[in-house]
Amino acid sequence: MPTTTAFRESAARAPEVRPAGGITLVCGTRPELIKLAPLMRFFGDGCAVVYTGQHYDHALYSRIRADLPPSGRFHELGVGAGRRGGQLGRTVSAVDEVLAAEPGRVVVVQGDTTSALAGALAANAHDLPLVHVEAGLRSHDRAMPEEHNRVLIDHLADLCCAPTDLNRRNLLAENVPAERIAVTGNTVVEALESALPGAADREAVLAARGLARDRFVLATIHRPENVDDPGRLEVILRELGRLPLPVVFPLHPRTAKSVEEFGLTRLLEPLVRLEPQAYPAFLALAAEAAVVVSDSGGIQEEVSVLKRPVVVVRRSTERPEIAGTFGVRVLPGPGIGTEVARWLDDVAGHRERLRALPSPYGDGSAAARIAAALGSVLAQRAAAG
């Protein structure tokens, strides 16, 4: 993995390329919007955004939408929920219609969602070059729908923007040609640095909730493997309720639905429940927490920028770069409490130690690096005729 210095040196060598218009960003969830925001800022009026509506919950979408930078055009498709196959079919068709009306020159997708795969398939159908931001992540867990999505997208892509050298090696191992891969870092660094409130504002976020720095745990649980299984969800909630510090728990709509359906509402009583937070407010909580407990992929990246520890509650992870430094992975069960206790044994000392560690996801110049690589793809396509 390139060091922060290496990222900066490579950024200095690469000219800042701003391709002309015709860039279509396809996304459908809050994390995609957050991570594509730096590219929206970079390209400005030169890009159009197609938001599929895969995340259709008002609290998850409207707050982040209000904070997004302006882009040339913003298409909202409203495909909504449903079974994966039906949702994928509807989304491909809807994106296809947008590309037919406004073909553009290149399609950019981010991550591993149904919307990202739909954007990739629609781009392929229109013979448009495809750029995959956050390429090469692998959990090697075929039970995860996201794993299938990310593999398919990578093999369709004309350009795979790999956040780390490990991601690059994953792609090479699958025979993706080296010339189709660029190690760019992850746009999450820029997105977070742009959205993170200052120290005084973070203190105000805590004060409004009766919290103190380093005296609470922040927890987020939403993945199907955890919340769609009543036994796993019960175990996780019980373990969170036993932790020695207040546990702040922004309640994802999927989790709230499962808690109600499985009759587990009583297990929320020991927790400090919050509605889904706007991105800056969530970052304020994460930056000031003693430790984070989560099954989120994005949070595993964000803690490396915030310099906070995370206990990852999952059977596998596609982000092993933080293992042994910022994070540790456990299965649902008593390991949650054991690992949280290890981070609580010296909160100030751990905070100081983590502050000295660079994020494996780059130095905050991924958008410029992606733009330069994208410009090369367009130049090669033009030269080829």
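Since we're looking at a predicted model, the values are computed, not measured.

### What about the overall build of the protein?
Within the protein, the secondary structure is distributed over 17 helices and 13 strands. Sequence-distant contacts, at least 24 apart, represent 70% of the contacts inside the protein between residues at least 6 apart. As presented, the protein carries roughly 15500 Å² of accessible surface, and 52% of it is formed by carbon and sulfur atoms.

### Focus on the pattern of salt bridges
Within the structure shown, the criterion is met by 26 salt bridges. R315 is paired through a salt bridge with D141; the nearest N and O atoms lie 2.8 Å apart. Here R315, found in the loop between strand 12 (310-313) and strand 13 (327-330), pairs with D141, found in the loop between strand 5 (130-133) and helix 6 (145-156); they are 174 residues apart in sequence, far enough to count as distant. Classification of R315 by relative accessible area gives partly exposed; the value is 34%. Judged by its relative accessible area of 12%, D141 is buried. The partner of E147 in a salt bridge is R150, and the shortest N-O contact between them spans 2.3 Å. One end of the pair, E147, and the other, R150, are both in helix 6, three residues apart, so they sit about a helical turn from each other.

### Some points on unusual backbone geometry
Positive phi is not limited to glycine here, since E134 has a value of about 75 degrees. Note on placement: E134 falls in the loop between strand 5 and helix 6. Even without glycine at this site, K307 takes up a positive phi of about 65 degrees. Examined against the element boundaries, K307 turns out to sit in the loop between helix 14 (297-306) and strand 12.

### Comments concerning the sheet that holds strand 13
If you walk across this open sheet you meet the six strands as 10-9-8-11-12-13, and the pairing is parallel. Sheet topology places strand 10 (272-274) and strand 13 at the edges, where each strand pairs with a single neighbour. Neighbour-to-neighbour, the strand axes of the sheet open up by a mean angle of 20 degrees, direction not taken into account. Pairing of strand 8 (residues 217-220) with strand 9 (residues 247-250) involves two bridges; the strand directions are parallel. Considered in strand 9, the bridge of V217 is made with V247. This element, helix 11 (residues 230-241), spans strand 8, strand 9, strand 11 (291-294) and strand 12 of the sheet and lies at about 140 degrees to strand 9. Most of the contacts of helix 13 (residues 279-288) go to strand 8, to which it runs at about 130 degrees, and overall it touches strand 8, strand 9, strand 10 and strand 11.

### Side note on the packing of aromatic side chains
Applying the stated rule across the entire model yields two aromatic pairs. A centroid spacing of 5.7 Å and a plane angle of 85 degrees characterise the contact between F42 and F43, whose relative ring orientation is edge-to-face. Overall, the relative accessible area of 11% leaves F42 in the buried class. Judged by relative accessible area, which is 9%, F43 ranks as buried.

### Let's talk about the pairing of strand 1 (residues 23-27)
Most of strand 1 sits inside the fold, with five of its five residues counted as buried. On strand 1, burial covers both faces: I23, L25 and C27 on one face and T24 and V26 on the other are all buried. In this sheet, strand 2 (residues 47-51) lies alongside strand 1 in parallel orientation, the contact comprising five bridges. Bridge pairing in strand 2 places T24 opposite A48. The pairing of strand 1 with strand 4 (residues 106-110) spans four bridges and is classified as parallel. Across the sheet, the residue bridging to T24 is V107, located in strand 4.

### So, the sheet that holds strand 1
Taking strand neighbours across the sheet as the criterion, the seven strands line up as 3-2-1-4-5-6-7 in an open arrangement whose pairing is parallel. Strands with a single pairing partner mark the edges of an open sheet, and in this sheet they are strand 3 (73-76) and strand 7 (181-183). Pairwise comparison of adjacent strand axes, ignoring direction, gives a mean angle of 20 degrees for this sheet. Sitting on the sheet, helix 2 (residues 30-43) is in contact with strand 1, strand 2, strand 3, strand 4 and strand 5, with an inclination near 165 degrees to strand 1.

### Description of the nonpolar core
The biggest cluster of nonpolar side chains holds 60 residues, and the ones touching the most others in it are L218, L237, L240, F249, L285 and V293. No other element matches the seven residues that helix 13 contributes to this core. Apart from the residues lying within four places of it in its own chain, the contact partners of L240 are A219, V247, F249, L271 and V293.

### Observations regarding the packing of helix 2 against helix 8 (residues 188-195)
Relative orientation of the contacting elements helix 2 and helix 8 amounts to 85 degrees, with a least axis distance of 7 Å. Judged on the interaxial angle alone, helix 8 and helix 2 are roughly perpendicular. Residues I34, K35, P38 and R41 of helix 2 form the contact with helix 8, whose participating residues are V188, E190, A191 and S194. Of the residues belonging to the contact of helix 2 with helix 8, the class tally is four nonpolar, one polar and three charged.

### Observations concerning the state of the cysteines
This model, assessed by the stated rule, comprises zero disulfides. In this structure C161 is not part of a disulfide, and its nearest cysteine sulfur, from C160, lies 7.8 Å away.

### Thoughts on the environment of V330
Checked against the element boundaries, V330 lands in strand 13. What makes V330 buried here is its relative accessible area of 9%. Once the C-alpha coordinates of V330 and R314 are considered, the two residues, 16 residues apart in sequence, prove to be 6.3 Å apart. Here V330 is in contact with V311, V312, V313, R314, G335, I336 and E339, once residues within four sequence places are set aside.

Rules used throughout
- Residues numbered from 1 in each chain as written.
- Predicted model: local features only at pLDDT ≥ 70, side-chain atom pairs only at ≥ 80, totals over all residues.
- Heavy atoms only, no water.
- Helix = DSSP H or I, 4+ residues; strand = E, 2+ residues; numbered from the N terminus.
- Contact = heavy atoms within 4.5 Å.
- Areas by Shrake-Rupley, 256 points an atom, 1.4 Å probe, with all protein chains shown as cover.
- Salt bridge = Lys/Arg side-chain N within 4 Å of Asp/Glu carboxyl O.
- Buried < 20%, exposed > 50% of the residue type's maximum accessible area, 1.4 Å probe, protein only.
- Pairing = 2+ DSSP bridges.
- Axes fitted to C-alpha atoms, helices over the stretch in contact; angles between N-to-C directions.
- Phe/Tyr/Trp six-rings, centres within 6.5 Å; stacked < 30°, edge-to-face > 60°.
- Core = buried A, V, L, I, M, F, W, Y, C linked by side-chain atoms within 4.5 Å.
- Parallel < 35°, antiparallel > 145°, perpendicular 65-115°, else oblique.
- Nonpolar A, V, L, I, M, F, W, Y, C, P; charged D, E, K, R; others polar.
- Disulfide = S-S within 2.5 Å.

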